[in-house]
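# Residue-level structural notes
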Amino acid sequence: MACVAALFASPALLPFPSTTSSTASASASCSCRLRLRPAVVARAPREQPRGRRALRRFDEVEGVSKKRRGIGGGSGAGGSPPSSSRRDRGLAVDFKESQVADFDDLEEDKFLNAVVKVYCTHIAPDYGLPWQKQRQHSSSGSAFMIGDGKLLTNAHCVEHDTQVKVKRRGDDKKYIAKVLARGTECDLALLSVENEEFWRGTEALNFGRLPCLQDSVTVVGYPLGGDTISVTKGVVSRIEVTPYAHGTSDLLGIQIDAAINPGNSGGPAFNEQGECIGVAFQVYRSDEAENIGYVIPTTVVSHFLNDYQKNGKYTGFPCLGVLLQKLENPALRESLKVPSSEGVLVRRVEPTAPASSVLRKGDVIVSFDGTSVGCEATVPFRSTERIAFRYLTSQKYAGDIAQLGIIRDGNSMKVQTILQPRKHLVPFHVEGGQPSYLIVAGLVFTPLTEPFIEEECEDTLGVISPLPC
(Lines give C-alpha, C1' and ligand atoms only; values in the text may rest on other atoms or scores of the structure.)
Protein backbone atom coordinates (compact mmCIF):
# COMPACT_ATOMS: atom_id res chain seq x y z
CA MET A 1 0.00 0.00 0.00
CA ALA A 2 2.78 2.40 0.89
CA CYS A 3 5.20 3.71 -1.69
CA VAL A 4 8.87 2.90 -1.38
CA ALA A 5 10.23 6.14 -0.10
CA ALA A 6 13.70 6.86 1.02
CA LEU A 7 17.18 6.08 -0.11
CA PHE A 8 19.90 6.03 2.52
CA ALA A 9 23.44 4.87 2.74
CA SER A 10 23.71 1.54 4.52
CA PRO A 11 25.18 1.74 8.03
CA ALA A 12 27.85 -0.65 6.87
CA LEU A 13 28.98 1.86 4.25
CA LEU A 14 28.16 5.36 5.39
CA PRO A 15 26.99 6.02 8.95
CA PHE A 16 23.82 8.01 9.39
CA PRO A 17 24.28 11.45 10.92
CA SER A 18 23.60 11.41 14.63
CA THR A 19 22.15 14.90 14.69
CA THR A 20 18.41 15.36 14.39
CA SER A 21 16.79 18.31 12.70
CA SER A 22 14.21 19.35 15.27
CA THR A 23 11.29 21.50 14.25
CA ALA A 24 9.13 23.52 16.60
CA SER A 25 5.49 22.64 16.89
CA ALA A 26 4.54 25.81 15.08
CA SER A 27 6.10 24.53 11.89
CA ALA A 28 6.91 26.92 9.09
CA SER A 29 5.04 24.60 6.77
CA CYS A 30 1.80 25.46 8.56
CA SER A 31 0.71 28.93 7.57
CA CYS A 32 -2.43 29.01 9.71
CA ARG A 33 -2.50 29.66 13.41
CA LEU A 34 -4.97 26.95 14.30
CA ARG A 35 -3.40 24.30 16.47
CA LEU A 36 -5.43 21.37 17.70
CA ARG A 37 -3.54 19.61 20.42
CA PRO A 38 -4.53 16.41 22.17
CA ALA A 39 -4.58 17.14 25.87
CA VAL A 40 -1.83 14.95 27.25
CA VAL A 41 1.60 15.80 28.63
CA ALA A 42 5.03 14.25 28.89
CA ARG A 43 6.19 13.77 32.44
CA ALA A 44 9.90 13.80 31.86
CA PRO A 45 11.82 16.14 29.56
CA ARG A 46 13.35 14.37 26.64
CA GLU A 47 15.07 15.09 23.40
CA GLN A 48 12.59 16.60 20.96
CA PRO A 49 11.95 14.15 18.09
CA ARG A 50 12.65 15.56 14.71
CA GLY A 51 10.01 17.15 12.60
CA ARG A 52 7.22 17.32 15.15
CA ARG A 53 3.84 18.24 13.71
CA ALA A 54 2.04 21.46 14.45
CA LEU A 55 -0.66 19.19 15.90
CA ARG A 56 0.97 18.08 19.12
CA ARG A 57 -0.24 15.99 21.96
CA PHE A 58 0.36 16.24 25.65
CA ASP A 59 0.22 13.46 28.12
CA GLU A 60 -0.19 14.44 31.65
CA VAL A 61 -2.41 16.64 33.64
CA GLU A 62 -3.53 17.27 37.12
CA GLY A 63 -5.14 20.00 39.13
CA VAL A 64 -7.63 20.01 41.91
CA SER A 65 -10.89 21.73 42.53
CA LYS A 66 -12.52 20.02 45.49
CA LYS A 67 -15.88 20.88 46.97
CA ARG A 68 -15.64 21.90 50.57
CA ARG A 69 -17.99 20.21 52.99
CA GLY A 70 -20.70 22.48 54.40
CA ILE A 71 -20.20 24.31 57.69
CA GLY A 72 -23.43 24.99 59.49
CA GLY A 73 -24.26 27.16 62.46
CA GLY A 74 -26.94 27.15 65.11
CA SER A 75 -27.63 25.00 68.15
CA GLY A 76 -27.50 21.26 67.69
CA ALA A 77 -30.16 18.72 68.52
CA GLY A 78 -29.83 16.17 71.24
CA GLY A 79 -26.96 13.75 70.75
CA SER A 80 -24.98 16.13 68.53
CA PRO A 81 -21.43 16.98 69.57
CA PRO A 82 -21.00 20.17 71.59
CA SER A 83 -20.29 23.26 69.52
CA SER A 84 -17.50 25.68 70.26
CA SER A 85 -18.85 29.17 70.93
CA ARG A 86 -17.42 32.58 71.67
CA ARG A 87 -18.88 35.92 72.69
CA ASP A 88 -17.67 39.10 71.11
CA ARG A 89 -19.28 42.38 72.13
CA GLY A 90 -22.45 40.65 73.16
CA LEU A 91 -22.78 38.59 69.94
CA ALA A 92 -22.85 34.82 70.33
CA VAL A 93 -21.28 32.93 67.39
CA ASP A 94 -21.46 29.12 67.21
CA PHE A 95 -19.16 27.05 65.00
CA LYS A 96 -20.23 23.48 64.38
CA GLU A 97 -18.72 21.27 61.70
CA SER A 98 -21.21 19.21 59.70
CA GLN A 99 -20.84 15.53 60.51
CA VAL A 100 -22.76 14.06 57.58
CA ALA A 101 -22.05 14.70 53.90
CA ASP A 102 -25.09 15.76 51.95
CA PHE A 103 -26.64 13.56 49.27
CA ASP A 104 -25.19 15.59 46.40
CA ASP A 105 -21.66 14.91 47.63
CA LEU A 106 -22.33 11.17 47.75
CA GLU A 107 -23.72 11.21 44.22
CA GLU A 108 -20.73 13.25 43.05
CA ASP A 109 -18.30 10.68 44.43
CA LYS A 110 -19.95 7.93 42.38
CA PHE A 111 -18.89 9.29 39.04
CA LEU A 112 -15.63 10.83 40.27
CA ASN A 113 -14.46 7.44 41.55
CA ALA A 114 -14.94 5.95 38.08
CA VAL A 115 -12.23 8.25 36.68
CA VAL A 116 -8.68 6.88 36.92
CA LYS A 117 -5.21 8.16 36.14
CA VAL A 118 -3.24 6.50 33.34
CA TYR A 119 0.54 6.13 33.45
CA CYS A 120 2.14 5.11 30.17
CA THR A 121 5.70 4.38 29.11
CA HIS A 122 6.35 5.04 25.42
CA ILE A 123 9.12 4.08 23.01
CA ALA A 124 8.45 5.64 19.62
CA PRO A 125 10.09 4.24 16.48
CA ASP A 126 12.75 6.18 14.62
CA TYR A 127 11.38 6.47 11.08
CA GLY A 128 14.60 7.93 9.74
CA LEU A 129 16.65 5.09 11.23
CA PRO A 130 14.10 2.27 11.11
CA TRP A 131 16.36 -0.33 12.75
CA GLN A 132 16.35 1.55 16.05
CA LYS A 133 13.94 3.35 18.37
CA GLN A 134 13.82 6.72 20.08
CA ARG A 135 14.44 7.33 23.76
CA GLN A 136 11.92 6.01 26.25
CA HIS A 137 9.66 8.55 27.90
CA SER A 138 6.64 8.48 30.18
CA SER A 139 3.39 10.40 30.31
CA SER A 140 0.09 10.39 32.10
CA GLY A 141 -3.52 11.03 31.18
CA SER A 142 -7.01 10.04 32.26
CA ALA A 143 -9.45 7.19 31.67
CA PHE A 144 -12.81 6.05 33.03
CA MET A 145 -14.70 2.84 33.67
CA ILE A 146 -17.34 1.74 31.15
CA GLY A 147 -18.19 -1.69 32.58
CA ASP A 148 -17.28 -5.30 31.77
CA GLY A 149 -13.78 -4.80 33.16
CA LYS A 150 -12.86 -2.14 30.60
CA LEU A 151 -11.61 1.43 30.59
CA LEU A 152 -11.87 4.07 27.87
CA THR A 153 -9.17 6.64 27.12
CA ASN A 154 -7.58 8.45 24.18
CA ALA A 155 -5.45 6.63 21.64
CA HIS A 156 -2.68 9.22 21.85
CA CYS A 157 -2.40 8.55 25.61
CA VAL A 158 -1.17 4.99 24.92
CA GLU A 159 0.54 5.48 21.56
CA HIS A 160 3.73 3.37 21.14
CA ASP A 161 3.19 2.01 24.64
CA THR A 162 5.48 -0.51 26.30
CA GLN A 163 3.70 -0.46 29.66
CA VAL A 164 0.39 0.99 30.81
CA LYS A 165 -0.65 1.33 34.45
CA VAL A 166 -3.76 2.83 36.01
CA LYS A 167 -4.50 4.13 39.50
CA ARG A 168 -7.85 4.71 41.12
CA ARG A 169 -8.80 7.85 42.97
CA GLY A 170 -7.67 7.69 46.59
CA ASP A 171 -5.51 4.59 46.01
CA ASP A 172 -1.71 4.37 46.08
CA LYS A 173 -1.47 1.14 44.10
CA LYS A 174 -0.99 1.08 40.34
CA TYR A 175 -2.43 -1.77 38.28
CA ILE A 176 -1.19 -3.13 34.97
CA ALA A 177 -3.56 -2.42 32.07
CA LYS A 178 -3.68 -3.98 28.62
CA VAL A 179 -4.56 -2.11 25.42
CA LEU A 180 -7.35 -4.04 23.67
CA ALA A 181 -8.01 -1.72 20.73
CA ARG A 182 -6.85 1.61 19.33
CA GLY A 183 -8.92 3.85 17.08
CA THR A 184 -6.41 6.26 15.59
CA GLU A 185 -9.07 8.05 13.51
CA CYS A 186 -11.37 8.73 16.44
CA ASP A 187 -8.53 8.99 19.02
CA LEU A 188 -10.02 6.36 21.33
CA ALA A 189 -8.47 3.34 23.02
CA LEU A 190 -9.95 0.48 25.02
CA LEU A 191 -8.09 -0.84 28.07
CA SER A 192 -8.64 -3.82 30.36
CA VAL A 193 -7.42 -4.56 33.87
CA GLU A 194 -7.36 -8.22 34.89
CA ASN A 195 -6.73 -7.67 38.61
CA GLU A 196 -10.08 -8.15 40.41
CA GLU A 197 -8.95 -5.96 43.29
CA PHE A 198 -8.96 -2.94 40.99
CA TRP A 199 -12.68 -3.32 40.26
CA ARG A 200 -13.82 -3.98 43.83
CA GLY A 201 -16.53 -1.52 44.87
CA THR A 202 -16.54 0.39 41.57
CA GLU A 203 -19.38 1.50 39.33
CA ALA A 204 -19.24 2.10 35.59
CA LEU A 205 -20.35 5.39 34.08
CA ASN A 206 -23.56 5.72 32.10
CA PHE A 207 -23.49 7.34 28.66
CA GLY A 208 -25.91 10.16 27.94
CA ARG A 209 -27.40 11.66 24.81
CA LEU A 210 -25.80 14.25 22.59
CA PRO A 211 -26.09 17.57 24.46
CA CYS A 212 -27.65 20.77 23.20
CA LEU A 213 -26.05 24.19 22.94
CA GLN A 214 -25.60 25.97 26.28
CA ASP A 215 -25.98 22.73 28.24
CA SER A 216 -23.75 22.63 31.31
CA VAL A 217 -20.75 20.32 31.10
CA THR A 218 -18.23 19.17 33.70
CA VAL A 219 -14.81 17.83 32.68
CA VAL A 220 -13.05 15.48 35.09
CA GLY A 221 -9.48 14.23 34.84
CA TYR A 222 -5.92 14.42 36.07
CA PRO A 223 -4.32 17.50 34.47
CA LEU A 224 -1.06 19.22 35.26
CA GLY A 225 -0.92 21.29 38.40
CA GLY A 226 -1.40 18.58 41.02
CA ASP A 227 -1.70 14.88 41.75
CA THR A 228 -5.38 14.56 42.60
CA ILE A 229 -8.49 14.66 40.48
CA SER A 230 -9.52 17.94 38.86
CA VAL A 231 -12.99 19.23 37.98
CA THR A 232 -13.72 22.11 35.59
CA LYS A 233 -17.10 23.37 34.42
CA GLY A 234 -18.43 25.14 31.35
CA VAL A 235 -21.11 24.98 28.68
CA VAL A 236 -21.48 23.44 25.24
CA SER A 237 -20.45 26.11 22.73
CA ARG A 238 -20.77 24.30 19.39
CA ILE A 239 -21.45 20.88 17.87
CA GLU A 240 -20.10 20.20 14.40
CA VAL A 241 -17.83 17.97 12.34
CA THR A 242 -14.31 18.67 13.62
CA PRO A 243 -10.81 17.69 12.49
CA TYR A 244 -9.25 15.26 14.97
CA ALA A 245 -5.63 16.19 15.66
CA HIS A 246 -4.46 12.63 16.29
CA GLY A 247 -6.50 10.94 13.59
CA THR A 248 -6.94 11.40 9.87
CA SER A 249 -10.68 12.06 9.72
CA ASP A 250 -13.21 14.77 10.37
CA LEU A 251 -15.76 13.45 12.86
CA LEU A 252 -18.46 14.90 15.06
CA GLY A 253 -17.06 16.91 17.96
CA ILE A 254 -18.40 18.96 20.87
CA GLN A 255 -16.76 22.34 21.55
CA ILE A 256 -16.87 23.50 25.17
CA ASP A 257 -15.46 26.43 27.12
CA ALA A 258 -14.48 24.39 30.19
CA ALA A 259 -10.73 24.28 30.76
CA ILE A 260 -9.00 21.27 29.18
CA ASN A 261 -5.31 21.00 30.00
CA PRO A 262 -2.52 18.50 29.31
CA GLY A 263 -3.45 15.34 31.18
CA ASN A 264 -7.22 15.77 30.81
CA SER A 265 -7.00 13.56 27.72
CA GLY A 266 -9.19 10.49 28.11
CA GLY A 267 -11.21 11.98 30.94
CA PRO A 268 -15.02 12.05 30.78
CA ALA A 269 -17.28 15.06 30.37
CA PHE A 270 -20.56 14.95 32.31
CA ASN A 271 -23.93 16.62 31.98
CA GLU A 272 -26.01 17.85 34.92
CA GLN A 273 -27.49 14.37 35.41
CA GLY A 274 -24.04 12.81 35.97
CA GLU A 275 -24.11 11.02 32.59
CA CYS A 276 -21.01 10.86 30.43
CA ILE A 277 -21.55 12.86 27.23
CA GLY A 278 -18.07 12.46 25.79
CA VAL A 279 -14.29 12.18 26.18
CA ALA A 280 -11.98 15.21 26.45
CA PHE A 281 -9.23 14.96 23.84
CA GLN A 282 -7.90 18.22 22.38
CA VAL A 283 -7.78 22.01 22.64
CA TYR A 284 -7.51 24.92 20.22
CA ARG A 285 -4.39 27.02 20.78
CA SER A 286 -4.31 30.44 19.17
CA ASP A 287 -3.40 34.03 19.99
CA GLU A 288 -6.83 35.12 18.83
CA ALA A 289 -8.94 32.64 20.81
CA GLU A 290 -9.14 31.07 24.23
CA ASN A 291 -11.20 28.57 26.22
CA ILE A 292 -11.86 26.32 23.24
CA GLY A 293 -11.76 22.64 24.14
CA TYR A 294 -13.13 19.61 22.34
CA VAL A 295 -14.94 16.48 23.49
CA ILE A 296 -15.51 13.27 21.54
CA PRO A 297 -19.31 12.76 21.68
CA THR A 298 -21.00 9.53 22.68
CA THR A 299 -22.10 8.89 19.08
CA VAL A 300 -18.44 8.47 18.07
CA VAL A 301 -17.68 6.52 21.26
CA SER A 302 -20.55 4.07 20.64
CA HIS A 303 -19.41 3.60 17.02
CA PHE A 304 -15.92 2.68 18.27
CA LEU A 305 -17.22 0.28 20.93
CA ASN A 306 -19.77 -1.37 18.60
CA ASP A 307 -17.09 -1.79 15.94
CA TYR A 308 -14.83 -3.55 18.44
CA GLN A 309 -17.64 -5.75 19.77
CA LYS A 310 -18.77 -6.72 16.28
CA ASN A 311 -15.37 -7.43 14.70
CA GLY A 312 -13.14 -8.15 17.69
CA LYS A 313 -10.94 -5.23 16.60
CA TYR A 314 -11.18 -1.67 15.41
CA THR A 315 -11.81 -1.50 11.65
CA GLY A 316 -12.30 2.25 11.24
CA PHE A 317 -14.85 4.75 9.98
CA PRO A 318 -15.89 4.28 6.34
CA CYS A 319 -15.96 6.96 3.67
CA LEU A 320 -17.12 7.37 0.09
CA GLY A 321 -13.62 8.00 -1.22
CA VAL A 322 -14.54 11.06 -3.27
CA LEU A 323 -13.36 14.67 -3.34
CA LEU A 324 -16.33 17.04 -3.34
CA GLN A 325 -16.95 20.65 -4.33
CA LYS A 326 -19.75 22.91 -3.16
CA LEU A 327 -22.35 24.07 -5.67
CA GLU A 328 -23.11 27.56 -4.41
CA ASN A 329 -22.52 29.15 -7.82
CA PRO A 330 -25.81 29.34 -9.82
CA ALA A 331 -23.93 29.38 -13.12
CA LEU A 332 -22.12 26.17 -12.19
CA ARG A 333 -25.39 24.49 -11.20
CA GLU A 334 -26.92 25.54 -14.50
CA SER A 335 -24.02 24.13 -16.50
CA LEU A 336 -24.39 20.81 -14.66
CA LYS A 337 -28.17 20.83 -15.26
CA VAL A 338 -28.99 20.82 -11.55
CA PRO A 339 -32.55 22.23 -11.26
CA SER A 340 -32.44 23.31 -7.61
CA SER A 341 -29.90 24.67 -5.10
CA GLU A 342 -28.84 21.29 -3.82
CA GLY A 343 -26.12 18.73 -4.26
CA VAL A 344 -22.31 18.62 -4.28
CA LEU A 345 -20.04 18.06 -7.27
CA VAL A 346 -17.76 15.01 -7.44
CA ARG A 347 -14.33 16.35 -8.37
CA ARG A 348 -12.42 13.09 -8.08
CA VAL A 349 -13.05 9.47 -7.15
CA GLU A 350 -10.27 7.45 -5.58
CA PRO A 351 -9.53 4.40 -7.74
CA THR A 352 -9.21 2.14 -4.68
CA ALA A 353 -12.65 3.11 -3.31
CA PRO A 354 -15.68 0.87 -4.03
CA ALA A 355 -17.56 3.98 -5.18
CA SER A 356 -15.27 4.19 -8.23
CA SER A 357 -17.48 1.58 -9.93
CA VAL A 358 -20.66 3.68 -9.66
CA LEU A 359 -19.50 7.32 -9.41
CA ARG A 360 -17.41 9.37 -11.79
CA LYS A 361 -16.05 12.86 -12.08
CA GLY A 362 -18.79 15.40 -12.82
CA ASP A 363 -21.59 13.58 -10.96
CA VAL A 364 -23.68 15.61 -8.52
CA ILE A 365 -24.68 13.87 -5.27
CA VAL A 366 -28.10 15.18 -4.19
CA SER A 367 -29.04 12.61 -1.51
CA PHE A 368 -27.52 10.01 0.79
CA ASP A 369 -29.80 7.25 2.07
CA GLY A 370 -32.81 9.49 1.39
CA THR A 371 -31.33 12.54 3.16
CA SER A 372 -31.00 15.54 0.87
CA VAL A 373 -27.57 17.15 0.52
CA GLY A 374 -27.39 20.96 0.35
CA CYS A 375 -25.27 22.96 -2.07
CA GLU A 376 -22.89 23.84 0.79
CA ALA A 377 -22.20 20.14 1.42
CA THR A 378 -24.42 20.11 4.52
CA VAL A 379 -27.32 17.92 5.63
CA PRO A 380 -30.15 18.42 8.17
CA PHE A 381 -29.10 17.81 11.78
CA ARG A 382 -31.57 17.52 14.63
CA SER A 383 -34.49 19.97 14.32
CA THR A 384 -33.15 23.34 13.15
CA GLU A 385 -29.45 22.72 12.52
CA ARG A 386 -27.31 21.62 9.60
CA ILE A 387 -24.03 19.72 9.64
CA ALA A 388 -21.31 18.67 7.22
CA PHE A 389 -22.10 15.83 4.78
CA ARG A 390 -19.25 13.80 6.29
CA TYR A 391 -21.47 13.21 9.35
CA LEU A 392 -23.72 10.83 7.41
CA THR A 393 -20.91 8.57 6.23
CA SER A 394 -19.36 8.52 9.72
CA GLN A 395 -22.56 6.95 11.10
CA LYS A 396 -22.01 3.90 8.90
CA TYR A 397 -19.81 0.87 9.57
CA ALA A 398 -17.30 -0.79 7.28
CA GLY A 399 -19.15 -2.96 4.77
CA ASP A 400 -22.45 -1.07 4.99
CA ILE A 401 -24.31 -0.20 1.79
CA ALA A 402 -25.33 3.39 1.02
CA GLN A 403 -27.84 4.53 -1.58
CA LEU A 404 -26.88 7.71 -3.40
CA GLY A 405 -29.12 9.98 -5.44
CA ILE A 406 -27.08 11.59 -8.22
CA ILE A 407 -27.53 13.78 -11.27
CA ARG A 408 -25.41 12.77 -14.27
CA ASP A 409 -25.62 14.77 -17.48
CA GLY A 410 -28.93 16.20 -16.32
CA ASN A 411 -30.47 12.80 -15.57
CA SER A 412 -31.46 11.76 -12.04
CA MET A 413 -30.63 8.23 -10.93
CA LYS A 414 -30.06 6.06 -7.85
CA VAL A 415 -26.89 4.06 -7.28
CA GLN A 416 -25.62 1.88 -4.44
CA THR A 417 -22.10 1.51 -3.12
CA ILE A 418 -20.30 -0.29 -0.32
CA LEU A 419 -18.61 1.92 2.25
CA GLN A 420 -15.10 1.01 3.35
CA PRO A 421 -12.39 2.81 5.36
CA ARG A 422 -10.08 4.87 3.21
CA LYS A 423 -6.85 3.25 2.04
CA HIS A 424 -4.12 5.84 2.33
CA LEU A 425 -1.38 5.69 -0.27
CA VAL A 426 0.83 7.48 2.27
CA PRO A 427 -0.29 6.14 5.69
CA PHE A 428 -0.67 8.53 8.61
CA HIS A 429 0.09 5.78 11.12
CA VAL A 430 2.26 2.68 10.87
CA GLU A 431 0.49 -0.53 11.83
CA GLY A 432 2.45 -2.42 14.45
CA GLY A 433 4.42 0.66 15.41
CA GLN A 434 7.82 -0.26 13.98
CA PRO A 435 8.47 0.64 10.31
CA SER A 436 9.81 -2.01 7.97
CA TYR A 437 12.97 -1.53 5.90
CA LEU A 438 15.05 -3.30 3.26
CA ILE A 439 18.78 -3.00 2.54
CA VAL A 440 19.78 -3.61 -1.07
CA ALA A 441 23.24 -2.90 -2.48
CA GLY A 442 24.08 -0.48 0.30
CA LEU A 443 20.80 1.42 0.06
CA VAL A 444 18.06 1.40 2.70
CA PHE A 445 14.43 1.41 1.55
CA THR A 446 11.56 2.14 3.94
CA PRO A 447 7.84 2.75 3.27
CA LEU A 448 6.81 6.35 2.70
CA THR A 449 4.64 7.46 5.62
CA GLU A 450 3.55 10.75 7.13
CA PRO A 451 5.69 10.22 10.27
CA PHE A 452 8.73 9.63 8.04
CA ILE A 453 8.07 12.85 6.10
CA GLU A 454 7.71 14.79 9.35
CA GLU A 455 10.92 13.42 10.82
CA GLU A 456 12.94 14.15 7.73
CA CYS A 457 11.27 17.56 7.24
CA GLU A 458 10.86 16.86 3.54
CA ASP A 459 8.20 19.49 2.92
CA THR A 460 9.22 19.63 -0.73
CA LEU A 461 8.15 16.05 -1.46
CA GLY A 462 4.84 17.40 -2.70
CA VAL A 463 2.68 14.73 -1.10
CA ILE A 464 -0.86 16.13 -1.00
CA SER A 465 -3.59 14.05 0.62
CA PRO A 466 -7.04 15.72 0.48
CA LEU A 467 -9.58 14.52 2.99
CA PRO A 468 -12.47 12.80 1.22
CA CYS A 469 -16.01 12.42 2.51
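Everything numeric here is computed off the predicted structure, so don't read it as measured data.

This part covers the pairing of strand S22 (residues 364–368). Burial of S22 is extensive: five of the five residues sit out of reach of the surface. Taken together, the two bridges between strand S21 (residues 344–349) and S22 define a ladder with antiparallel strand orientation. Within S22, the residue paired with Val344 across the bridge is Ile365. With four bridges connecting them, S22 and strand S26 (residues 401–408) associate as antiparallel partners.

This next bit is on the confidence of the model for the protein chain. Confidence along the protein chain averages 79 in pLDDT terms, with 74% of residues attaining 70 or more. Between residues 1–35, whose pLDDT stays under 50, and residues either more than four places distant or in other chains, the model counts 80 contacts. Scored below 50 in pLDDT, residues 460–469 shows 28 contacts in the model against residues more than four places distant or in partner chains.

Looking now at the packing of aromatic side chains. Here the structure, examined in full by the defined rule, presents nine aromatic pairs. Note on Tyr175 and Phe198: the rings are 5.2 Å apart at their centroids and 65° apart in plane angle, and the pair reads as edge-to-face. With Tyr175 in strand S11 (residues 175–183) and Phe198 in helix H2 (residues 196–199), the pair connects residues that are 23 residues apart, well separated along the chain. Neither Tyr175 nor Phe198 differs from the other in exposure class; each is buried.

Ranked by internal contacts, the top residues of the largest apolar core, which has 88 residues, are Leu151, Leu152, Val166, Phe198, Phe304 and Leu359. Take this core: its biggest share by element is seven residues, from strand S17 (residues 276–285). With sequence-adjacent residues up to four places away left out, Phe198 is seen in contact with Val116, Met145, Leu151, Val166, Arg168, Tyr175 and Val193. In terms of nonpolar packing, the next biggest core, distinct from the first, is built from eight residues, Leu345, Val364, Cys375 and Ile407 among them.

Turning to the environment of Leu252, a few remarks are in order. Within the secondary structure, Leu252 sits in strand S15 (residues 250–256). The buried category is assigned to Leu252, whose relative accessible area is 1%. With 11 residues separating them along the chain, Leu252 and Val241 place their C-alpha atoms 4.1 Å apart. For Leu252, the contacting residues outside a window of four places in its chain are Leu210, Ile239, Glu240, Val241, Tyr244, Pro297, Thr299, Val300, Ile387 and Tyr391.

Time to look at helix H3 (residues 298–311). Residues that lie three or four places apart on an α-helix share one face, since the helix turns once every 3.6 residues. Helix length check: H3 (14 residues) gives 20 Å between terminal C-alpha atoms against 20 Å at 1.5 Å per residue, within 8%. What H3 keeps buried is the set Thr298, Val300, Val301, His303, Phe304, Leu305, Asp307 and Tyr308. Looking at the residues trailing H3, positive phi occurs at Gly312, about 75°.

This part is about the environment of Asn154. Structurally, Asn154 is set in the loop between strand S9 (150–153) and strand S10 (161–167). Note on Asn154: relative accessible area 0%, which makes it buried. Remark: the alpha-carbon pair of Asn154 and Ser265, spanning 111 residues in sequence, is separated by 6.2 Å. Filtering out sequence-adjacent residues up to four positions away, Asn154 remains in contact with Asp187, Leu188, Ala189, Ser265, Gly266, Val279, Ala280, Phe281 and Ile296. Here the side chain of Asn154 touches Asp187 through a polar contact of 2.9 Å, landing on its backbone oxygen. At a separation of 2.7 Å, a polar atom in the side chain of Asn154 contacts the main-chain amide nitrogen of Gly266.

A positive phi angle, near 75°, is found at Gln214, a position not held by glycine. Here Gln214 lies in the loop between H2 and strand S13 (216–221). By relative accessible area, which is 68% here, Gln214 ends up exposed. With a phi angle near 55°, Asp409 is a residue other than glycine that sits in the positive phi range. Along the chain, Asp409 falls in the loop between S26 and strand S27 (411–418). For Asp409, a relative accessible area of 56% corresponds to the exposed category.

What counts, and at which threshold
- Residues numbered from 1 in each chain as written.
- Predicted model: local features only at pLDDT ≥ 70, side-chain atom pairs only at ≥ 80, totals over all residues.
- Heavy atoms only, no water.
- Buried < 20%, exposed > 50% of the residue type's maximum accessible area, 1.4 Å probe, protein only.
- Helix = DSSP H or I, 4+ residues; strand = E, 2+ residues; numbered from the N terminus.
- Pairing = 2+ DSSP bridges.
- pLDDT = per-residue confidence, 0-100.
- Contact = heavy atoms within 4.5 Å.
- Phe/Tyr/Trp six-rings, centres within 6.5 Å; stacked < 30°, edge-to-face > 60°.
- Core = buried A, V, L, I, M, F, W, Y, C linked by side-chain atoms within 4.5 Å.
- Expected span 1.5 Å × (residues − 1).
- Polar contact = N/O pair within 3.5 Å; in protein donor to acceptor, adjacent residues only side chain to side chain.

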